[in-house]
Amino acid sequence: MRIIVAVTGATGVQMSGTLLRALRQQENCEIHLIVSEGAKLTWRLECEQELITLYDLADYVYEEHDLAAVIASGSFVTDGMIIIPCSMKTLAGIVSGYAENLVQRAADVCLKEGRKVVLVPREMPLGKVHLKNLKKAAGLGCAIVPPMLTFYNGAQTLQEQVDHVVGKVLLQFHIEYKRFVPWTGERIVQNGRENIDREPLTDFEQNMSQTDNEHQYDAVNRSMIDGRSEKKLSVNEKQTDTVSIKPDIAENTSRQKERKIETDPIKTSIYISVKLSFSSLSFQAQQIGEDLQILLWGGSTPHIGSVVLTTPRPSLMGDGKMSSTSSVINRSGHKDEQLCRAVAEQVTAATGRAVVCSGGFHVDGIEKIQIQEVQEAVQRATQELIEKLLLQY
């Protein structure tokens, strides 16, 4: 089985983690993941875990602007697509055929090829335009599975409600989910919850459950200050965390967040994946205090072939620009310094931060034209990484 999973900027992005873990448990299930820019922003505000934990659950990860990805073509056969959560903007694009990004294009491809598309729309209340678009989507063949509360299953935690939604989504593909509690014709809850046999929580879901308990509604007060909704922290939350958001963040992520985490020196990862004509290339950047750690890997044999440390300094040309001093450790027999050094030096020059770039790219029998393609891809990915770093940090 081959499934495309897309995560968009609506609230409830953590549902995607539970879905991916359920798919990961299936035999021979290949997962292709798209995480939109809006979803990345919402994830930082709603989830305690790093976004890389979501990427790790997929076999392939794509940026939403990568319209050259294999999943953008109908000739790449899949069993269908799940969009969880599905924002109203994404919904509008799908029903109008406006495939401006990879999420909408992949859904468009699945529909034109007669493949299953499952939407998990998250908005409340639903406006007339939203309802009209949902009706259109159903008419086009999409399965609409809204994340509604369910009571007959005896759920008493947020995670158990998420399990039910994920179970209903997987039923669309005839996949059994062990933590899904179906209606059996009789009341489930009797004398508490003794007769409910649920699978144990994973670490990911235990984290969600703990976060849910720490953010009880009666421990959170909201006050309107200068048109903003300021969340006052409960006594159970970290006193050094302050989050200030505007209303309707899920659909308005371009004007989102002020977030400050003073006690945590390690911040959210940036992940970039580049599809080559013969392989793939990936970047992961992590801020550690005021410095940056970048991992580069790809090819048929990912490895660590070189480690480059660059420290910022003024350019020796006297032009006022930022440059760097590089320290290099190369693994015997490997030629990855050129790639890692180019990345580290450019990022340091652009951000003024100390950078460690490590990694390697290897393909047996690689040809000269393929080497050039890798170098050009590294250059493009580095520029994209710099843009994201400057925006995020």
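A quick note: this is a predicted structure, and the numbers were derived from the prediction, not measured.

1. Quick notes on the pattern of salt bridges
Taken as a whole and assessed by the stated rule, the structure comprises 13 salt bridges. Close ionic contact of Lys40 with Glu63 constitutes a salt bridge, the shortest N to O distance being 2.9 Å. Placement of the pair is Lys40 in helix H2 (residues 37-46) and Glu63 in the loop between strand S3 (60-62) and strand S4 (80-86), with a sequence separation of 23 residues. One exposure class covers both Lys40 and Glu63, and it is buried. Measuring nitrogen to oxygen at the nearest pair gives 3.0 Å for the salt bridge that ties Glu337 to Arg341. One end of the pair is Glu337 and the other is Arg341, both in helix H9 (residues 337-351) and 4 residues apart, which spans about a single turn. Among the residues examined, Arg341 registers a relative accessible area of 31% and is labelled partly exposed. The network of salt bridges with shared partners includes Glu37, Lys40, Glu63, Glu384 and Lys388.

2. Thoughts on the side chain of Lys40
By relative accessible area, Lys40 is classed as buried at 7%. A distance of 3.1 Å separates a polar atom in the side chain of Lys40 from a polar atom in the side chain of Glu37. Separated by 2.9 Å, the side chains of Lys40 and Glu63 make a polar contact. Ignoring sequence-local partners within four residues, the contact set of Lys40 consists of Val35, Leu51, Tyr55, Glu63, Tyr271 and Lys388.

3. Observations concerning the sheet that holds strand S16 (residues 355-362)
The sheet built from 6 strands is open, its strands ordered S11-S12-S13-S16-S14-S15 with mixed pairing. At either margin of the open sheet sits one strand with a lone partner, and together these are strand S11 (270-275) and strand S15 (322-330). Averaged over all pairs of adjacent strands, the angle between their axes in this sheet comes to 15 degrees, without regard to strand direction. In the sheet, strand S14 (residues 306-314) pairs with S15 via 9 bridges, with the strands oriented antiparallel. If you follow Pro312 over to S15, its bridge partner there is Ser324.

4. A short note on the pairing of strand S1 (residues 2-7)
Taken across its 6 residues, S1 has 5 buried, putting it largely inside the fold. As judged from the 6 bridges shared by S1 and strand S2 (residues 30-35), these two strands associate in the parallel manner. In the sheet register, Ala6 faces S2, and the bridge partner there is Ile34. Handedness of the β-α-β unit built from S1, helix H1 (residues 14-24) and S2 comes out right-handed. In the sheet, S1 pairs with S4 via 4 bridges, with the strands oriented parallel. Looking at S4, one finds that Val5 is bridged to Ile82.

What counts as what
- Residues numbered from 1 in each chain as written.
- Predicted model: local features only at pLDDT ≥ 70, side-chain atom pairs only at ≥ 80, totals over all residues.
- Heavy atoms only, no water.
- Salt bridge = Lys/Arg side-chain N within 4 Å of Asp/Glu carboxyl O.
- Helix = DSSP H or I, 4+ residues; strand = E, 2+ residues; numbered from the N terminus.
- Buried < 20%, exposed > 50% of the residue type's maximum accessible area, 1.4 Å probe, protein only.
- Polar contact = N/O pair within 3.5 Å; in protein donor to acceptor, adjacent residues only side chain to side chain.
- Contact = heavy atoms within 4.5 Å.
- Pairing = 2+ DSSP bridges.
- Axes fitted to C-alpha atoms, helices over the stretch in contact; angles between N-to-C directions.
- Right-handed = clockwise from strand over helix to strand, strands pointing away.

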